[in-house]
Amino acid sequence: MSYQHLDFKGNPVALPVGKVVCIGQNYQDHIAEMNSKTAPDALFFLKPATALRHFSAPLSIPQDRGAVHNETEIAVLIGEPLTAVTPAQVLAAVWGYSLALDLTLRDVQAELKKLGRPWDIAKGFDGACPVAGFVPSAQIVDAQTLTFSLDVNGERRQTGDARLMIRGIAQMISEMSYWFSLQPGDIVLTGTPAGVGPLLVGDQLALSLDNYFSVQSQVSQSPALAVRSGV
């Protein structure tokens, strides 16, 4: 399925589709619910461009890989190149802001963690990053005050407030840029608050970003993945 960046009104954004750079453990309440610990260094990881999907389309999730958890996050669309920049240089390079789900194969991730292995496949599978349309940055007074929510079947599952991030948006993107050059069309996911949980086929989802938009979707079933061993 092809993906193109859209604004929150459904218009195409003239940027290429790039990688997704994510931060983990950026809200204290999520760290607590996962029985984890706050670390001094940021936890960064990547999702490939093939993980991107439009949130408004049915969300196809694997049915043969254990639980698939929602992680609702503010998404930042990069509009200008960023390499080893200071926090003060970040915001002028942002095209806009939206919401995305960092879909996670939780059972797969837990097993890989137990084995001490990387957990890329638990975060980067096809369709693992459904994203809504982006609000241009010029229309947002202060992205660090944005609030957001996810409803599942009409019940509130996650509520987020960007002011509660451990690392603010400009700070995290600055730190990311020292490890990964960010290019126009890349997306940054900024961490999830508490409230992660399994998604099931048929679930009705609604994402809301402050007073900017509310968008709906439905979880659908993807075909079983054929896995070859010993390759």
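See above for the structure.
What you see is a predicted model, and the numbers here were worked out from it, not measured in a lab.

This paragraph deals with the environment of proline 193. Following the sequence through the fold, proline 193 ends up in the loop between strand S13 (187-189) and strand S14 (197-198). The class of proline 193 is buried, set by a relative accessible area of 1%. Sequence separation between proline 193 and glutamine 158 is 35 residues; the distance between their C-alpha atoms is 7.0 Å. Residues in contact with proline 193, not counting those within four places in the same chain, are Tyr27, Asp29, His30, Glu33, Thr72, Phe148, Gln158, Thr159 and Gly160.

Turning to the sheet that holds strand S11 (residues 147-152), a few remarks are in order. Judged by pairing direction, the sheet is mixed, and its 5 strands sit side by side in the order S4-S16-S15-S11-S12 without closing on themselves. In the strand order of this sheet, the two ends are held by strand S4 (59-61) and strand S12 (155-161), each with one partner. Mean inter-strand twist for the sheet, computed between neighbouring axes without regard to direction, equals 25°. Two strands pair when backbone bridges link them, and S4 and strand S16 (residues 213-221) are joined in this way by 3 bridges, in the parallel orientation. When the bridges of S16 are listed, isoleucine 61 appears paired with glutamine 221.

Looking now at the sheet that holds strand S8 (residues 104-105). Strand order in this open sheet of 3 strands is S8-S5-S14, and the pairing throughout is antiparallel. Looking at strand neighbours, the two that pair on one side only are S8 and S14, the edges of this open sheet. Of the pairings in the sheet, the one linking strand S5 (residues 68-70) to S8 comprises 2 bridges and is antiparallel in character. What sits directly across from valine 68, in S8, is leucine 105.

Glancing now at the nonpolar core. Ranked by size, the top nonpolar core spans 66 residues in total, and within it Tyr97, Ile173, Ile187 and Leu205 carry the most contacts. What leucine 205 contacts, discounting residues up to four positions off in sequence, is Phe55, Leu59, Leu101, Leu150, Asp151, Val152, Leu199, Val215, Gln216, Ser217 and Val219.

Here we come to the side chain of serine 149. Within the secondary structure layout, serine 149 lies in strand S11. Here serine 149 falls in the buried class, since its relative accessible area comes to 6%. The residues touching serine 149, leaving out its near neighbours within four places in the chain, are Arg156, Gln158, Thr159, Ala206, Leu207 and Ser208.

Conventions used here
Residues numbered from 1 in each chain as written. Predicted model: local features only at pLDDT ≥ 70, side-chain atom pairs only at ≥ 80, totals over all residues. Heavy atoms only, no water. Helix = DSSP H or I, 4+ residues; strand = E, 2+ residues; numbered from the N terminus. Buried < 20%, exposed > 50% of the residue type's maximum accessible area, 1.4 Å probe, protein only. Contact = heavy atoms within 4.5 Å. Pairing = 2+ DSSP bridges. Axes fitted to C-alpha atoms, helices over the stretch in contact; angles between N-to-C directions. Core = buried A, V, L, I, M, F, W, Y, C linked by side-chain atoms within 4.5 Å.

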